[in-house]
Amino acid sequence: MPTVKASIIIPIYNEERYLEQCLDSVCGQTLKEIEIICVDDGSTDRTPEILKKYSGKDSRIRIITQKNKFAGTARNRGMECASGEYLSFLDADDYYESDMMEKMVQKADANKADIVVCRYEQRCGEAVMQNGWEFEELFFRTEGQKEAFSGRDLNCAGIFQITKGWAWDKLFRTEFVRNCGYQFPEFRSSEDGFFVYMLMARAERISYMDDILAVHRIAVQDSLSNTKETDWPNGFRMWSMIKNELKRVDLYKAYEQSFVNEFLYFLLWYLESMKSFEAFGGCYQYIKEKVEQEFRILSYGKDFFFQEELWEWYREVRELPLAEYLFRRRGE
């Protein structure tokens, strides 16, 4: 039986609009030694029909079906079945460049990497959103460091700054993942950050690629990132899980500045991303009443933060009633 170099795991829920482009991108990979594990999370549209058509054309496609239990559970099911030396996770409304797996696996093999991170492109409809990488670059000490490093080798141990907590722009060594024992939390949204960031924190050898190899769609109406306000507490739950696990494995002190900075950025972005007034108000009150007690952001002082204006912004949220905050912010 041929060796499987990479297992590509795709959780799918009602993605008939983009699924064929996604599957074309993985079936057309220049690296042929892959398996494609599609986990249908209880779809009610044409997803099962599309999967059946593609599996009939490509024997590397394996279909798993489950009741709707959300993407985290679907990814975990896929991991259980994976036989590849590496793991890749692709959302069904995104897609890969044709040489992504070949380049990522070559990089991982050459550097004996636990994780390889690439760059990506964001698309809103047909428009390409330009990504600036200058901030991420500040945390690398030398160009050569991108060959293989741990988070502790970065400036300010900036593991949370050089990448976001999503899985689709990364390749993971299967043995490393299984030795760490992490799975995706099984709640509806914000389920990938714990898995990704904890593996990044524990990896001894991470490689970083400048190549843009993944394409991520934004502003997709039914995607989890656009419907997260239904379960907005999950975003804060994720960061609590990361903090607790960093402490359990005795890594919190090493990554404290990086972690707190990224959490502050996240909570302000998360607040402003809420589209409904109910979700915005709930998120606002949570930040006012719960966040400081657990994360002590103000106690660090402004100089602790990479972007001091975020510290000031957070203090404004803490001090202002919701109506006054909205009046000030919307008036700017």
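To keep things clear, this report deals only with the structure shown in the data block. Chains are numbered independently. Their residues run from 1 in the order of the written sequence. With the structure being a predicted model, the display of local features is reserved for residues of pLDDT at least 70 and the display and counting of side-chain atom pairs for 80 or more, all residues being used for whole-chain, interface and lining totals. Side-chain numbers here rest on the full set of heavy atoms in the structure, without hydrogens or water.

## Digging into the overall build of the protein
- Note on conventions: DSSP H or I runs of at least 4 residues are helices, E runs of at least 2 residues are strands, and numbering of each starts at the N terminus. Helix and strand counts for the protein stand at 14 helices and 9 strands.
- Against the 2.2 N^0.38 benchmark of 20 Å for 332 residues, the protein shows a C-alpha radius of gyration of 20 Å, consistent with a compact globule.
- Each of the 332 residues in the protein was classed as buried or not, and the buried ones make up 57%.
- Whether two residues touch is decided by their heavy atoms; if any such pair falls within 4.5 Å, the residues are in contact. Nonlocal contacts in the protein, meaning residues at least 24 apart in sequence, comprise 79% of its contacts between residues at least 6 apart.
- Surface exposure of the protein reaches about 15000 Å², of which carbon and sulfur atoms provide 48%. Throughout, the radius of gyration refers to the C-alpha atoms, and the reference size of a globule is 2.2 Å times the residue count to the power 0.38. For every residue, the accessible area obtained with a 1.4 Å probe (protein chains only) is divided by the maximum for its type, and the residue is called buried under 20%, exposed over 50%, and partly exposed between those limits. Residue burial considers only the protein chains on display, and all accessible areas are found by Shrake-Rupley using a 1.4 Å probe.

## Overview of the packing of helix α10 (residues 252-273) against helix α13 (residues 308-319)
- Axis definition: a line fitted to C-alpha atoms, limited for helices to the stretch in contact. Angles are taken between N-to-C directions and run from 0 to 180 degrees. Close contact between α10 and α13 brings their axes to 10 Å; oriented N to C, the two are set at 55 degrees. Here α13 runs oblique to α10, going by the angle between their axes. Relative to α13, the crossing made by α10 is left-handed. Residue-level contacts link Leu264, Tyr265, Leu267, Leu268, Leu271 and Glu272 of α10 to Leu310, Trp311, Trp313, Tyr314 and Val317 of α13.
- When residue character is reported, Ala, Val, Leu, Ile, Met, Phe, Trp, Tyr, Cys and Pro are called nonpolar, Asp, Glu, Lys and Arg charged, and the others, Gly included, polar. Partitioned by chemical class, the residues of the contact of α10 with α13 number 10 nonpolar, no polar and 1 charged. The scheme is simple: roughly parallel for angles under 35 degrees, roughly antiparallel for over 145, roughly perpendicular for 65 to 115, oblique for anything else. Each crossing gets its handedness from the near helix: less than a right angle anticlockwise from the far helix is left-handed, clockwise is right-handed.

## Quick notes on the pairing of strand β2 (residues 34-41)
- Along β2, 8 of the 8 residues are buried, which leaves the element largely enclosed by surrounding structure.
- Both strand β1 (residues 6-12) and β2 contribute to a ladder of 7 bridges, which runs parallel. Within the sheet, the bridge partner assigned to Ile12 lies in β2 and is Asp40.
- Think of it like this: strands point away, you trace from the first strand over the helix to the second, and a clockwise trace means the crossover is right-handed. Read as a crossover between parallel neighbours, the route from β1 over helix α1 (residues 19-27) to β2 is right-handed.
- When DSSP finds at least two bridges between two strands, those strands are taken to pair. Pairing geometry for β2 and strand β3 (residues 61-66), over 6 bridges, is parallel. By the bridge assignment, Ile36 is partnered in β3 with Ile61.
- Once the chain exits β2 it traverses helix α2 (residues 47-57) before rejoining the sheet at β3, and the crossover so formed is right-handed.

## Things to note about unusual backbone geometry
- A positive phi angle, near 55 degrees, is found at Cys156, a position not held by glycine.
- Locating Cys156 in the fold gives a position in the loop between α5 (134-137) and β8 (170-173).
- One non-glycine residue, Asp250, adopts positive backbone phi at about 60 degrees.
- A relative accessible area of 68% means that Asp250 is categorised as exposed.

## Let's talk about α2
- Residues of α2 that are buried include every one of Thr47, Ile50, Leu51 and Tyr54, and no others. Looking straight down α2, one finds its buried side chains confined to an arc of 100 degrees; they lie on one side. Summarising the geometry of α2, the exposed residues directed more than 90 degrees from the buried face are Glu49, Lys52 and Gly56.
- The inward-facing, buried residues of α2 abut β1, α1, β2 and β3. The arc in question is the one spanned by the directions pointing from the helix axis to the C-beta atoms.

## Observations regarding the pattern of salt bridges
- Here, a salt bridge means any Lys or Arg side-chain nitrogen found within 4 Å of an Asp or Glu carboxyl oxygen. Enumeration according to the criterion identifies 23 salt bridges in this entry.
- The closest approach of N and O atoms between Glu262 and Lys164, which form a salt bridge, is 3.1 Å. Separated by 98 residues along the polypeptide, Glu262 in helix α10 and Lys164 in the loop between α5 and β8 bring together distant segments of the chain.
- With a relative accessible area of 28%, Lys164 lands in the partly exposed category.

## Let's talk about the nonpolar core
- The biggest cluster of nonpolar side chains holds 111 residues, and the ones touching the most others in it are Ile10, Leu267 and Ile297.
- Top contributing element to this core by residue count: α10, with 11 residues.
- Excluding its chain neighbours within four sequence positions, the residues that come into contact with Ile297 are Val260, Phe263, Leu264, Leu267, Val291, Glu292, Phe305, Trp311 and Tyr314. For the purposes of this section, nonpolar cores are sets of buried Ala, Val, Leu, Ile, Met, Phe, Trp, Tyr and Cys residues that join through side-chain atoms within 4.5 Å.

## Notes on the packing of helix α9 (residues 233-248) against helix α11 (residues 277-295)
- Between α9 and α11, whose axes approach to 12 Å, the crossing angle comes to 10 degrees. One way to sum up the angle between α9 and α11 is to call them roughly parallel. Residues Phe236, Trp239, Ser240 and Lys243 of α9 lie in contact with α11, whose contacting residues are Cys283, Tyr286, Ile287, Val291, Glu294 and Phe295.
- Residue classes in the contact of α9 with α11 are distributed as 7 nonpolar, 1 polar and 2 charged.

Function cannot be read off these values alone, since they describe shape.
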